[in-house]
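# Structure assessment
The primary structure of each chain is shown beneath.
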Amino acid sequence: MVLKIVVVCVVVVLGVGDVTPALVNPVQDSNPQPREWPCPDETDFLPCTCTSNQQTDLKIDCSGVKSNLELQRVFTSIFPFTDFLELRIVQDPYDDAYDLNTLDPFVFAGLSFERVIIQGTKIKEVNEQVFTDSHNHLNYLNLANNDIYDFPFETIQLYTRLANLILDDNNLITLPNIVSTTLQSISVSGNSNLQFKANVFNNASMLSRISLARNNIQEFPQHVFQNLDYVAIVDLSGNEMTFVNEFTFDPPRETLLQISLDNNKIDLVHYNSIKGLMAGAHVSLAGNQIIYLQEVFYKPILDQLPSGSLDLSRNPLLCGCDIHWLYPSDPSPYLSIITDTTKCYDGTLIHYLIPSYFALQCPAYTTVAPKGPKKH
């Protein structure tokens, strides 16, 4: 048996200008894209990495960069795209192998970022030009836990979308007046002996969240929040405050949702010190040195919190006749506002005290406001 192979040739007559891909050599791309497109070439970009998703949201992580020169070298790479969702550099500040201690003013020239997270480095200064090309893009700037003592606060107003600024645990000594029409959240906690004035936020009217914790603040200025229509959360915990002065919290509207004054040295809360609370707000004075709960000072606070809470735990409360006013009836409408973790100095839960005791022992008790520091 003879196997015959028949080859059938089909002749196609092409018109002028017709192209049949199978019959011609493929045209080579005159501008071939790198394998890592839309990111820079991986070899040039190491130790930084670049990733993208289906929406072409580009992220850069340079946590592996060990020196200023290495960071500068990496950013001489060719970038197919210049708009990035995120730049991240997160390091161990106690690792001596990493010595990124400055940012060249032009290291990120030509590139824009929506989010910048640089933490745990040895960076001491931030030049005003470092993120110039992000003026119209940057929304979130987190420079916490570095060694920064000099930050260009005067440039904040140039960032037209900046909503969140975090500068915790640095070495800043001054917080100048903040000017911004977009900033919603600022955190400058953990900067020992940070100095600022009462009008520090007067030109940042959109602020809703403010953290000034752990700054060794001894006396908080009056009227700091009086121009903030949206202020909701304020953290002043871990400072050295011994009293809460009149008009410490006095926003123009009832917007305050959470106040933390935990772990100070507060023994006195003045009349009109806390106003502008929402009905369901939470106010915490835990871990202070409060002994007396005088009606003249604390009733105005509780009256603002029909569905909120006041935390007075970890205070040496005497729980004597100074709190008889908490029991106008049984059950007391005020006790439901004070957290059930609040105890007297002897460990007795304030919720377990017997109302009839106060009616018997304190019939003629009148509240007298003790003298204390009062600033105007």
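Please refer to the structure higher up on the page.
Quick notes on the rules
- Residues numbered from 1 in each chain as written.
- Predicted model: local features only at pLDDT ≥ 70, side-chain atom pairs only at ≥ 80, totals over all residues.
- Heavy atoms only, no water.
- Core = buried A, V, L, I, M, F, W, Y, C linked by side-chain atoms within 4.5 Å.
- Buried < 20%, exposed > 50% of the residue type's maximum accessible area, 1.4 Å probe, protein only.
- Helix = DSSP H or I, 4+ residues; strand = E, 2+ residues; numbered from the N terminus.
- Contact = heavy atoms within 4.5 Å.
- Arc of directions from axis to C-beta.
- 1 Å grid on protein atoms, 1.4 Å probe; cavity = no way out; pocket = protein on both sides within 12 Å on 5 of 7 lines; lining within 4 Å.
- Points joined across faces, edges and corners; volume = space filled by probe spheres on them.
- Nonpolar A, V, L, I, M, F, W, Y, C, P; charged D, E, K, R; others polar.
- Disulfide = S-S within 2.5 Å.
- Patch = residues over 30% accessible without salt bridge, like charges linked within 9 Å, V, L, I, M, F, W, Y side chains within 5 Å.
- Areas by Shrake-Rupley, 256 points an atom, 1.4 Å probe, with all protein chains shown as cover.
- Salt bridge = Lys/Arg side-chain N within 4 Å of Asp/Glu carboxyl O.
- Pairing = 2+ DSSP bridges.
- Phe/Tyr/Trp six-rings, centres within 6.5 Å; stacked < 30°, edge-to-face > 60°.
- Lys NZ or Arg CZ within 6 Å of the ring centre and 35° of its normal.

### What to know about the nonpolar core
One finds Phe75, Phe151, Phe201 and Leu212 to be the most contacted residues of the largest nonpolar core, which totals 99 residues. Here this core gets four residues from one element, more than from any other, and that element is helix H3 (residues 295-302). In contact with Phe151, other than residues within four places in its own chain, are Val126, Leu141, Leu143, Ile156, Leu165, Leu167 and Leu172.

### What to know about H3
When H3 is considered as a whole, its buried residues turn out to be Phe297, Tyr298, Ile301 and Leu302. Down the axis of H3, the smallest arc covering the buried residues is 115 degrees, so these residues share one side. Residues of H3 that are buried sit in contact with strand S12 (268-269), strand S13 (277-284) and strand S14 (309-311).

### Points about empty space enclosed by the protein
On inspection of all chains with the given rule, the structure shows two cavities of 30 Å³ or more. In this structure, the largest cavity spans a volume of roughly 90 Å³. Its residues assigned to classes, the lining of the largest cavity shows ten nonpolar, two polar and one charged. Of the volumes computed, that of the second largest cavity is approximately 30 Å³. In this structure, the second largest cavity is lined by Leu103, Ile118, Ile123, Val126, Phe131, Leu143, Asn146 and Ile148. When the residues that make up the lining of the second largest cavity are grouped by side-chain class, the tally is seven nonpolar, one polar and no charged.

### As for the layout of surface pockets
In this model, the largest pocket occupies a volume close to 180 Å³. Together, Asn193, Leu194, Gln195, Phe196, Asn215, Asn216, Ile217, Gln218, Glu219 and Pro221 line the largest pocket. Residue composition of the lining of the largest pocket, by class: four nonpolar, five polar and one charged.

### Describing the state of the cysteines
Throughout the structure, instances matching the rule amount to four disulfides. The disulfide partner of Cys39 is Cys50, and the S-S distance across this bridge is 2.0 Å. Between Cys39 and Cys50, the S-S torsion sits near -70 degrees, and that sign places the bridge as left-handed. Taken together, the residues span a long stretch of sequence, with Cys39 in the segment before helix H1 (42-45) and Cys50 in strand S1 (residues 49-52) at a distance of eleven residues. Cys39 sits in the buried class, given a relative accessible area of 4%. Here Cys48 is linked by a disulfide to Cys62, with a sulfur-sulfur distance of 2.0 Å.

### Notes on a nonpolar patch on the surface
A cluster of nonpolar side chains, contributed by Ile291, Tyr292, Leu318 and Tyr345, occupies part of the molecular surface with about 400 Å² of accessible area. Tracing the sequence through the fold places Ile291 in the loop between S13 and H3. Taking relative accessible area as the criterion, Ile291 reaches 36% and is therefore assigned partly exposed.

### Digging into the pattern of salt bridges
Enumeration according to the criterion identifies five salt bridges in this entry. Between Lys265 and Glu240 there is a salt bridge, and its shortest N-O distance comes to 2.8 Å. Within this pair, whereas Lys265 is found in the loop between strand S11 (256-260) and S12, its partner Glu240 is found in the loop between strand S9 (233-235) and strand S10 (243-244), the two being separated by 25 residues in sequence. Look at Lys265 and you get partly exposed, because its relative accessible area is 38%. We note a salt bridge from Lys299 to Asp303, for which the minimum N-O separation is 3.0 Å. On the basis of relative accessibility, which here comes to 42%, the residue Asp303 falls in the partly exposed class.

### Brief notes about the pairing of strand S4 (residues 112-119)
As defined by bridge partners, strand S3 (residues 83-90) adjoins S4 across seven bridges and the pair is classed as parallel. Residue pairing across strands places Ile89 opposite Ile118, the latter belonging to S4. Where S4 and strand S5 (residues 140-142) come together, three bridges link them in parallel fashion. Looking across to S5, one finds that Ile117 is bridged to Asn142.

### Overview of the packing of aromatic side chains
Taken as a whole and assessed by the stated rule, the structure comprises 16 aromatic pairs. Between Tyr327 and Phe358 the ring centres are 4.8 Å apart and the planes differ by 10 degrees, which places this aromatic pair in the stacked class. Here Phe358 lies in helix H4 (residues 355-361) and Tyr327 lies in the loop between S14 and H4, a separation of 31 residues in the sequence. The residues Tyr327 and Phe358 share a single accessibility class, namely buried. An aromatic cluster of at least three residues, connected via ring pairs, comprises Phe45, Phe75, Phe79, Phe84, Phe108, Phe113 and Phe131. The cationic tip of Lys66 hangs over the ring face of Tyr98; the distance from NZ or CZ to the ring centre is 5.7 Å.

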